[in-house]
Structure formats: C-alpha cells, structure tokens
Amino acid sequence: MEKRDFIQAEIEKLGFFLQRLLANFLNSNSAANSIEAINSVTNELKCELDFDLPLFVSLSKDEMKKYLSNFKFNEQHLEKLADLMTELSSSKANNESKAYLTKTIEILDLVDELSNSYSFERNLKKSQIQKLINN
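K.L.:
Describe the packing of aromatic side chains, with residues and values.
P.N.:
Under the criterion given, the structure shown has 8 aromatic pairs. These aromatic residues form a ring-pair network of at least three members: Phe51, Phe56, Tyr67, Phe71 and Phe73. When the ring centre of phenylalanine 56 is taken as reference, the NZ or CZ atom of lysine 103 above it lies at 5.8 Å.

K.L.:
Just give me the short version of the environment of leucine 81, but keep the residues and values in it.
P.N.:
Of note, leucine 81 is situated in helix α5 (residues 75-89). For the pair leucine 81 and asparagine 116, spaced 35 residues apart in sequence, the C-alpha separation works out to 19 Å. Contact partners of leucine 81, with chain neighbours within four places excluded, come to Phe51, Phe56, Leu68, Phe73 and Ile107.

K.L.:
Please give an account of the nonpolar core that cites residues and values.
P.N.:
With 35 residues, the main nonpolar core has Leu45, Phe51, Leu53, Phe56, Leu68, Phe73 and Ile107 as its most contacted residues. Residue contributions to this core peak at 7 residues, all from helix α6 (residues 94-115). Every residue in contact with phenylalanine 56, bar those within four places of it in the chain, is listed here: Phe51, Met64, Tyr67, Leu68, Leu81, Met85, Lys103 and Ile107.

K.L.:
So, the layout of surface pockets: which residues are in play, and what are the values?
P.N.:
Each pocket or cavity is described by its volume, and for the largest pocket that value is around 150 Å³. As for the largest pocket, its lining consists of Phe6, Ile7, Glu10, Ile11, Lys13, Leu14, Phe17, Leu49 and Lys72. Of the residues forming the lining of the largest pocket, the biggest block, 7 residues, is contributed by helix α1 (residues 2-28). A breakdown of the residues in the lining of the largest pocket according to their chemical character gives 6 nonpolar, no polar and 3 charged.

Parameters and conventions
- Residues numbered from 1 in each chain as written.
- Predicted model: local features only at pLDDT ≥ 70, side-chain atom pairs only at ≥ 80, totals over all residues.
- Heavy atoms only, no water.
- Phe/Tyr/Trp six-rings, centres within 6.5 Å; stacked < 30°, edge-to-face > 60°.
- Lys NZ or Arg CZ within 6 Å of the ring centre and 35° of its normal.
- Helix = DSSP H or I, 4+ residues; strand = E, 2+ residues; numbered from the N terminus.
- Contact = heavy atoms within 4.5 Å.
- Core = buried A, V, L, I, M, F, W, Y, C linked by side-chain atoms within 4.5 Å.
- Buried < 20%, exposed > 50% of the residue type's maximum accessible area, 1.4 Å probe, protein only.
- 1 Å grid on protein atoms, 1.4 Å probe; cavity = no way out; pocket = protein on both sides within 12 Å on 5 of 7 lines; lining within 4 Å.
- Points joined across faces, edges and corners; volume = space filled by probe spheres on them.
- Nonpolar A, V, L, I, M, F, W, Y, C, P; charged D, E, K, R; others polar.

In short, shape yes, function no, at least from these values alone.
If you want it as structure tokens, here you go:
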C-alpha cells in the first residue's frame, strides 16, 4: 500500500512539474525573453526528468513512443507536454515550429490511443494545430 501511495505521489509531482513549466513559459514569454524561456524549459526538462526535448522532437513516431515509455507519463501528463510543445512552437523558426507542432499532434494521437476514448477537446486542439502547420 505504501508503494502505491509513493508511486501516486510521484505521478502527481510530475503533473505539477509540467504544469509549472507551462505556466513559467507563458509568464516569461515575451519577444525579448522567448529564446531564454525556451532554453529554461529545455534545461529544466533535462535536469529534472532527463527528458531531452531537442532529441524528442527529432524522433519518429515509433521512436517517440519508445522514448516516452521511459517516463511515468499518463494521459494528463502527455496532454500538458503537448500544450507545452504548442507554446514552445510559437517561439521557434518556421521549420522548427512545424516540427514541434507535428510532434504535438503525434503526442495527442498517442493520448487518444492510450485513453481508448474520443475527446472533442483533443480533436479541436489537433485541428487547430494542423491549421498552424498548413499556414
């Protein structure tokens, strides 16, 4: 029972960490700070979770699934990661932005797969992201 409580606490901490990263990025994201904010998010992910964001973006869909299996991400964590990736993409150059947005759609597809349920909100996010990619 204690082991389960410990695992649950670790999963909750991971969710709070991802939410804090997203909030910090949104609060510090101005034209002058965007590169600094992206570097801060990238460094925190690397230091706290050993999550290599540039590597992650470059992975194929199958490699992405394998990479994510090394972490204790649940569906909510993956959605927060997708939100973070969407926000990061707005501060990237066009080609890099499209790579981040494409990876975001792949994450949301994985969430659909893991949850075995349809979400109107996720589907709307994917549609909006696809429009951004096409523009």
